[in-house]
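Analysis of the macromolecular model
Chain by chain, the residues run as shown.
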Amino acid sequence: MRVISGSRKGLRLKTPKNQNIRPTQDRIKESLFNILGIIDENSIVLDLYAGTGNIGIEFLSRGAMKCYFIDNSYEGINLIRENINISNFNEKSYIYKKDVLKSLDFFSKNGIVFDYIFMDPPYRQNLPGKTLEIISKKNVLKDNGIVVVEHEKKLSLGNRILNLIRTDERDYGDKIISFYSLITEGEIK
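Below or above, wherever it landed, is the structure these notes cover. Not measured: the values here are computed from a predicted model.

With respect to the nonpolar core
Counting residues in each nonpolar core, the largest one holds 27 residues, and the members touching the most others are Leu32, Leu36, Phe59 and Phe69. For this core, the secondary structure elements donating two or more residues are helix H1 (26-36), helix H2 (54-61), strand S2 (66-71), helix H3 (74-87), strand S4 (114-119) and strand S8 (175-182). With residues near it in sequence (within four places) discarded, Leu32 still touches Ile55, Phe118, Val148, Ile177 and Phe179. Listed in part, the 26 residues of the second largest apolar core include Phe114, Leu127, Val149 and Leu164.

Have a look at this one:
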């Protein structure tokens, strides 16, 4: 696992010692960031179910202003901390060992909104749909923001989840990357 581009290009990150955490594969990560394009230097990122911190660190390497990392496992939090230290992004990173759905409530209550939200939740728990609903209800995505969901191919997410609409979907074998944005007034039917 490595940083693909930006200020930390080529930097190797620590990987999990067991199968409880599934880092996003480099080929999928590279494709994801090719789709997203240039990351604005004022971007605020939320890496949910962050695992190793791999994706949030890639956002920071590509110029994002700050990233919040949320994971509920001690192993994940420890890996994220190690990888933040390795990449020297301590001042741009906020790491929380917290339930993802509760963290969205915290951000909402504190007026924290995001340009990018990435999530790769544990499989077979229907967490992507639940998490997208909470993101929509809590209004934590900026008007022009993007939610990226990495999920198993077997899980079918809706084209529309409350005020979020799927704008793109890419197939990577047994995984799918789905992109959601807020519905604009012209898209409301």
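Regarding the sheet that holds strand S1 (residues 44-48)
Taken in spatial order, the eight strands of this open sheet run S3-S2-S1-S4-S5-S8-S7-S6, and their pairing is mixed. In this open sheet, the two edge strands, each paired with only one partner strand, are strand S3 (93-97) and strand S6 (160-161). As paired strands, S6 and strand S7 (residues 164-172) are joined by two bridges and run antiparallel to one another. Note that in S7 the partner of Arg160 across the bridge is Ile165. Packing of helix H4 (residues 100-109) onto the sheet brings it into contact with S1, S2 and S4, and relative to S1 it is tilted by some 155°.

Description of the pairing of strand S5 (residues 141-152)
Both S4 and S5 contribute to a ladder of five bridges, which runs parallel. When the sheet's bridge partners are listed, Tyr116 is paired in S5 with Ile146. Handedness of the crossover joining S4 and S5 through helix H5 (residues 127-138): right-handed. Here S5 pairs with S8 via six bridges, running antiparallel. Bridging from a neighbouring strand, Val147 pairs with Tyr180 of S8.

Some words on H2
Taking burial as the measure, the eight residues of H2 include eight buried ones, the bulk of the element. Looking at H2, one finds that the buried residues are Asn54, Ile55, Gly56, Ile57, Glu58, Phe59, Leu60 and Ser61. Of the surrounding elements, those touching the buried residues of H2 are H1, S1, S2, H3, S3 and S4. Residue Gly63 follows H2 closely and has a positive phi angle near 115°.

Points about unusual backbone geometry
Peptide bonds are trans in most cases, and residues, glycine excluded, mostly fall at negative phi. Here Asn139, not a glycine, exhibits a phi torsion of approximately 55°, which is positive. Position of Asn139 relative to the elements: it lies in the loop between H5 and S5. We note that Leu162 has phi near 50°; this positive angle belongs to a residue other than glycine. Mapped onto the elements, Leu162 comes out in the loop between S6 and S7. Since its relative accessible area comes to 43%, Leu162 is described here as partly exposed.

Cut-offs applied
Residues numbered from 1 in each chain as written. Predicted model: local features only at pLDDT ≥ 70, side-chain atom pairs only at ≥ 80, totals over all residues. Heavy atoms only, no water. Core = buried A, V, L, I, M, F, W, Y, C linked by side-chain atoms within 4.5 Å. Buried < 20%, exposed > 50% of the residue type's maximum accessible area, 1.4 Å probe, protein only. Helix = DSSP H or I, 4+ residues; strand = E, 2+ residues; numbered from the N terminus. Contact = heavy atoms within 4.5 Å. Pairing = 2+ DSSP bridges. Axes fitted to C-alpha atoms, helices over the stretch in contact; angles between N-to-C directions. Right-handed = clockwise from strand over helix to strand, strands pointing away.

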